[in-house]
Amino acid sequence: FMMGRFLSSYAWGKAADRYGRIFCIQSSLALSAVFSVLFGLSPTFGCALAARFGLGLCNGLIGPIKTIVSEVTDNDPKSETKMLAIVMGTWGYGFLINPAVS
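Residues numbered from 1 in each chain as written. Predicted model: local features only at pLDDT ≥ 70, side-chain atom pairs only at ≥ 80, totals over all residues. Heavy atoms only, no water.

### Regarding the overall build of the protein
A tally of regular secondary structure across the protein gives five helices and zero strands. When the helices and strands of the protein are read in sequence order from the N terminus, they spell out α-α-α-α-α. Along the first, second and third principal axes, the C-alpha set of the protein runs to 50 × 35 × 20 Å. Burial analysis of the protein (102 residues in total) assigns 25% to the buried set. Here the analysis covers contacts within the protein between residues at least 6 apart in sequence; of these, 61% occur between residues at least 24 apart. (Helix = DSSP H or I, 4+ residues; strand = E, 2+ residues; numbered from the N terminus. Buried < 20%, exposed > 50% of the residue type's maximum accessible area, 1.4 Å probe, protein only. Contact = heavy atoms within 4.5 Å.)

### Here we look at the environment of Leu-7
Structurally, Leu-7 is set in helix H1 (residues 2–19). For the pair Leu-7 and Leu-57, spaced 50 residues apart in sequence, the C-alpha separation works out to 7.0 Å. Those residues in contact with Leu-7 that sit more than four places away from it in its chain are Phe-53 and Leu-57.

### Structural notes on the packing of aromatic side chains
Under the criterion given, the structure shown has one aromatic pair. The ring of Phe-39 carries Arg-52 above its face, with NZ or CZ at 5.6 Å from the centroid. (Phe/Tyr/Trp six-rings, centres within 6.5 Å; stacked < 30°, edge-to-face > 60°. Lys NZ or Arg CZ within 6 Å of the ring centre and 35° of its normal.)

So yeah, pure geometry; function would need other evidence.
Dropping the structure here:
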């Protein structure tokens, strides 16, 4: 996952500049859903590893979200810190709630 994320983060940043941040966030979420299902239905360990790598390649969320937060807060350090804490906290809740939903 992290190797795929590392290899694709620059490309996701360029895509966000070219096509827009919202489009990249939406397409990243859709592709992540597809690769999550592929990971869950993997018949072999190799297929599971490939699906996780693909999931990392499709995970272009962090950069655009951080940029949107800094734009919304008008580069005010105090409110930017608060908003990023909310985003990261929500991410943590997602990790807790997702297994229960699945």
